[in-house]
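# Descriptive structure summary
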Amino acid sequence: MMLKIENLNVKINNKDILKDFNLDIKLGEIHGIMGPNGIGKSTICKTIIGDPIYLVTKGKIFFNSKDLLKLNITQRAKEGIYLVNQNPIEIPGVTNAEMLRVALFEKTGEVVNIYEFNKKLEETCDKLSIPRSFIHRGINEGMSGGERKKNELLHLWMLEPKLIILDEIDSGLDVDSIKVVCDNLKEYYKNHKVSILIITHGPQLLKLLSATHIHILNEGKIIATGDYNLALKVGKEGYKKYNKAYLVSENEKNE
Amino acid sequence: MNKLNMNNSIINDENNNIIVSKDSIYTIMNHSLKTFNIEVKSNCKVIINDFRIIDKEDTNIKIKINGKASLIYNHSFINKNKYELNINTTYKSEESEIILNIHGINDKGFNTTNVSGIMSDKKNNILIEDIRLININNGSGIIIPNILAETSKIIANHNTTIGTISEDELSYLMSKGISETEAKNLILTGFLINIFKDKGLITKIKEIIYWR
């Protein structure tokens with residue numbers, strides 16, 4: 001099991017968000033978590049990555065058998081967990097190249113080969129249809145929402161994570177940009193042995209990324225699990241009209 | 001006599017007065033000049049890039065600007081002890097522009113930044129003050145922005161912030177696998193160099209910043 005979350009309870013600002021949340025992701029699987037606004041979907045991402053604002057009061061998270069709750073954000077990232085936020089922030093004055101050089105040095109303990117580093121950066125920019133000038137631009141500085149998502153994928157290709165968490169990356173993206181982003185993610189998926197966790201409102205992204213497992217989040221826990229048909233059903237009928245026939249037991253979820 | 005080295009040329013007199021009558025870019029690196037008076041003549045565009053690591057110092061800068069001229073003063077500093085920065089701007093005519101970009105890090109030190117923009121009744125002038133301080137290691141600072149305007153036919157803005165290293169920025173960089181210490185170094189360095197466009201200057205600043 002690559003990622004295993006057991007009976008996780010999470011609080012933010014003294015409010016319970018996740019309650020007995022369980023999730024298992026095996027190597028190579030692509031999971032999607034759907035749910036209405038404000039239900040705690042982003043809390044899952046932030047808790048896995050280790051944002052200290054999110055307080056884990058109960059439960060466990062294992063990543064490749066390591067206890068993630070004992071690791072800080074940096075250590076979790078070094079283990080291979082990578083989060084693409086729905087609104088990546090900008091850090092003026094810190095260029096993509098500079099940040100990536102430091103990150104790779106910290107990960108490998110070796111000074112990067114500048115020629116190979118630059119070559120890979122340029123090739124990835126071309127693949128993502130972003131200008132090569134982004135390499136020496138401040139992180140997400142002055143970039144549109146779509147450019148920021150692509151910029152995050154530029155980082156992803158350089159850092160080569162094992163588990164990719166996508167937090168509503170389709171928000172703020174036009175149709176063409178969503179396709180570029182998804183095609184790029186699929187290419188990364190094919191070339192690397194990874195798993196993907198997708199957080200989203202609707203079925204579009206799940207279809208484009210060929211999600212293998214769909215979960216519905218409600219009241220802090222997964223209340224239903226299925227295949228892509230479940231996402232389609234929610235897309236058609238909404239969350240309120242959700243058919244309880246899809247409700248599954250804890251045992252079924254783990255299958 | 002104090003000498004101010006600007007782009008490899010010595011441009012000042014005994015009273016540290018600088019009169020600029022053509023488009024110019026000036027660079028000041030770690031200069032301890034305490035008084036600095038600059039007058040920009042009509043139709044000139046001037047950029048001054050000023051970086052300092054300060055132990056104990058007062059800096060007084062007086063800017064006079066004539067009609068249809070512009071001046072951008074970019075100043076970043078690391079204050080390790082005590083730094084009082086006073087900037088006084090005066091508009092002598094109309095249709096001119098002054099932009100002040102000041103980014104300071106108070107590293108244990110205390111800083112007072114007084115910025116005074118005297119726009120009086122001269123019309124169609126622009127004054128933009130953007131002053132940001134980051135306090136680390138119990139450093140602290142005060143920003144006192146003043147704008148005097150006696151006509152509505154001007155644009156005058158000031159943006160001032162005092163804070164510490166952004167938790168969001170820190171978490172973001174750490175989520176890329178960068179340690180907290182290195183992430184802080186990147187953020188602080190980026191904050192200092194972000195107001196400059198001169199790549200040569202940026203490289204020099206990175207070389208002398210002591211935490212790198």
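Thresholds applied
Residues numbered from 1 in each chain as written. Chains lettered and ligands numbered in written order. Predicted model: local features only at pLDDT ≥ 70, side-chain atom pairs only at ≥ 80, totals over all residues. Heavy atoms only, no water. Helix = DSSP H or I, 4+ residues; strand = E, 2+ residues; numbered from the N terminus. Rg over C-alpha atoms; globule rule 2.2 N^0.38 Å. Contact = heavy atoms within 4.5 Å. Areas by Shrake-Rupley, 256 points an atom, 1.4 Å probe, with all protein chains shown as cover. Lys, Arg positive; Asp, Glu negative; His and termini not counted. Charge placed at Lys NZ, Arg CZ, Asp CG, Glu CD. Pairing = 2+ DSSP bridges. Axes fitted to C-alpha atoms, helices over the stretch in contact; angles between N-to-C directions. pLDDT = per-residue confidence, 0-100. 1 Å grid on protein atoms, 1.4 Å probe; cavity = no way out; pocket = protein on both sides within 12 Å on 5 of 7 lines; lining within 4 Å. Points joined across faces, edges and corners; volume = space filled by probe spheres on them. Nonpolar A, V, L, I, M, F, W, Y, C, P; charged D, E, K, R; others polar. Phe/Tyr/Trp six-rings, centres within 6.5 Å; stacked < 30°, edge-to-face > 60°. Buried area = accessible area lost by both parts, 1.4 Å probe. Salt bridge = Lys/Arg side-chain N within 4 Å of Asp/Glu carboxyl O. Buried < 20%, exposed > 50% of the residue type's maximum accessible area, 1.4 Å probe, protein only. Core = buried A, V, L, I, M, F, W, Y, C linked by side-chain atoms within 4.5 Å.

What follows deals with the overall build of chain A. Within chain A, the secondary structure is distributed over nine helices and twelve strands. What you see for chain A is a C-alpha radius of gyration of 18 Å, in line with the 18 Å of a compact globule of 255 residues. If one aligns the C-alpha atoms of chain A with their principal axes, the spans along those axes are about 55 × 40 × 35 Å. At a minimum sequence separation of 6, the contacts of chain A that also span at least 24 residues come to 68%. Accessible surface, chain A: about 11,700 Å² in total, of which carbon and sulfur atoms supply 49%. Seen as two clouds, the 36 positive and the 33 negative side-chain charges of chain A have centres 4 Å apart.

Moving on, we come to the sheet that holds strand 1 (residues 3-12) of chain A. Residues and elements named next belong to chain A. Strand order in the open sheet formed by four strands is 2-1-4-5, with antiparallel pairing between adjacent strands. Two strands bound the open sheet, and with one partner strand each, they are strand 2 (15-25) and strand 5 (66-67). Summarising the sheet, strand 4 (residues 55-63) and strand 5 pair through two bridges and their orientation is antiparallel. Within strand 5, the position partnered with Phe63 by the bridge is Lys66. Most of the contacts of helix 1 (residues 41-49) go to strand 1, to which it runs at about 110°, and overall it touches strand 1, strand 2 and strand 4.

What follows covers the confidence of the model for chain B. Detailed reading of the predicted coordinates is not advisable wherever pLDDT falls low. Here chain B averages 90 in pLDDT, while 92% of its residues score no lower than 70. Predicted complex, confidence summary: ipTM 0.91, pTM 0.90.

What follows is about the layout of surface pockets. As a volume, the largest pocket reaches approximately 550 Å³. Taken together, 18 residues make up the lining of the largest pocket; nearest its centre are Thr95 and His136 of chain A together with Ile193, Lys199 and Ile202 of chain B. For the lining of the largest pocket, the secondary structure elements donating two or more residues are strand 7 (91-95) and helix 3 (96-108) of chain A together with helix 3 (199-208) of chain B. It is helix 3 of chain B that provides the largest number of residues to the lining of the largest pocket, a total of four residues. For the lining of the largest pocket, a count of residues per class yields five nonpolar, six polar and seven charged.

A few words on the side chain of Glu168 of chain A. With respect to the helices and strands, Glu168 of chain A occurs in the loop between strand 9 (163-167) and helix 6 (175-191). Beyond its immediate chain neighbours, meaning those up to four positions away, Glu168 of chain A contacts Lys41, Gln86, Lys149, Ile199, Thr200 and His201 of chain A.

Right, let's get into the packing of aromatic side chains. Residues and elements named next belong to chain A. This structure, assessed with the given rule, holds two aromatic pairs over all chains. Centroid distance Trp157 to Tyr188: 5.2 Å. Interplanar angle 85°. Geometry classified as edge-to-face. In this pair, Trp157 sits in helix 5 (residues 145-159) while Tyr188 sits in helix 6, placing the two residues 31 residues apart along the sequence.

One key point about sheets: their strands pair by backbone hydrogen bonds, in either a parallel or an antiparallel sense. Residues and elements named next belong to chain A. The six strands lie next to each other as 6-9-10-3-11-12, forming an open sheet whose pairing is mixed. Of all the strands in the sheet, the pair left with one neighbour each is strand 6 (81-84) and strand 12 (221-226). Geometrically, the sheet is characterised by an average inter-axis angle of 20° between neighbouring strands, direction not taken into account.

Each partner contributes residues to the interface: chain A has 24 residues there, and chain B has 21 residues. Interface of chain A and chain B: buried area, both sides summed, is about 1,800 Å²; carbon and sulfur atoms make up 62% of it. It is Ile89, Ile91 and Glu98 of chain A that lose the most area in chain A upon contact with chain B, and together they represent 23% of the buried surface on that side. Between chain A and chain B we count two salt bridges in total.

A few words now on the pairing of strand 8 (residues 97-107) of chain B. Residue and element names in this part refer to chain B. Judged by how many residues are buried, strand 8 sits mostly within the fold: ten of eleven residues are covered. As defined by bridge partners, strand 7 (residues 70-91) adjoins strand 8 across ten bridges and the pair is classed as parallel. Bridged to His75 within strand 8 is Ile102. Pairing analysis gives eleven bridges linking strand 8 to strand 10 (residues 126-136), with the strands arranged parallel. If you follow Leu100 over to strand 10, its bridge partner there is Glu129.

The next subject is empty space enclosed by the protein. Applying the stated criterion across every chain, the model contains two cavities of 30 Å³ or more. By volume, the largest cavity amounts to about 90 Å³. Around the largest cavity, the lining comprises 13 residues; the ones closest to its centre are Ala77, Lys78, Lys107 and Leu159 of chain A together with Lys176 of chain B. At the level of secondary structure, the elements contributing two or more residues to the lining of the largest cavity comprise helix 2 (73-79), strand 6 and helix 3 of chain A. Partitioned by chemical class, the residues of the lining of the largest cavity number six nonpolar, three polar and four charged.

A separate point is the nonpolar core. Inside soluble globular proteins, nonpolar side chains tend to come together where they are buried. Core analysis: the largest hydrophobic core is formed by 105 residues, its most contacted members being Leu3, Phe21, Ile48, Leu166, Leu185 and Ile198 of chain A together with Leu173 of chain B. Looking at which element gives the most residues to this core, the answer is helix 2 (residues 180-193) of chain B, with seven residues. Discounting residues that sit within four places of it in the chain, Ile48 of chain A has contacts with Leu3, Ile5, Ile61, Leu68, Arg76, Ile81, Ile165 and Leu197 of chain A.

Another point: the pattern of salt bridges. In the structure shown here, the tally under the stated rule is 21 salt bridges over all chains. With its nearest N and O atoms 2.9 Å apart, the salt bridge here joins Asp183 of chain A to Lys179 of chain A. Placement of the pair is Asp183 of chain A and Lys179 of chain A together in helix 6, with a separation of four residues, close to one helical turn. The class of Asp183 of chain A is partly exposed, set by a relative accessible area of 37%. The exposure class of Lys179 of chain A is partly exposed, given its relative accessible area of 47%. Between Glu39 of chain B and Lys92 of chain B there is a salt bridge, with the nearest N and O atoms lying 3.3 Å from each other. Placement of the pair is Glu39 of chain B in strand 5 (residues 35-40) and Lys92 of chain B in the loop between strand 7 and strand 8, with a sequence separation of 53 residues. Among the charged side chains, a network of salt bridges with common partners joins Glu122, Asp126 and Arg132 of chain A.

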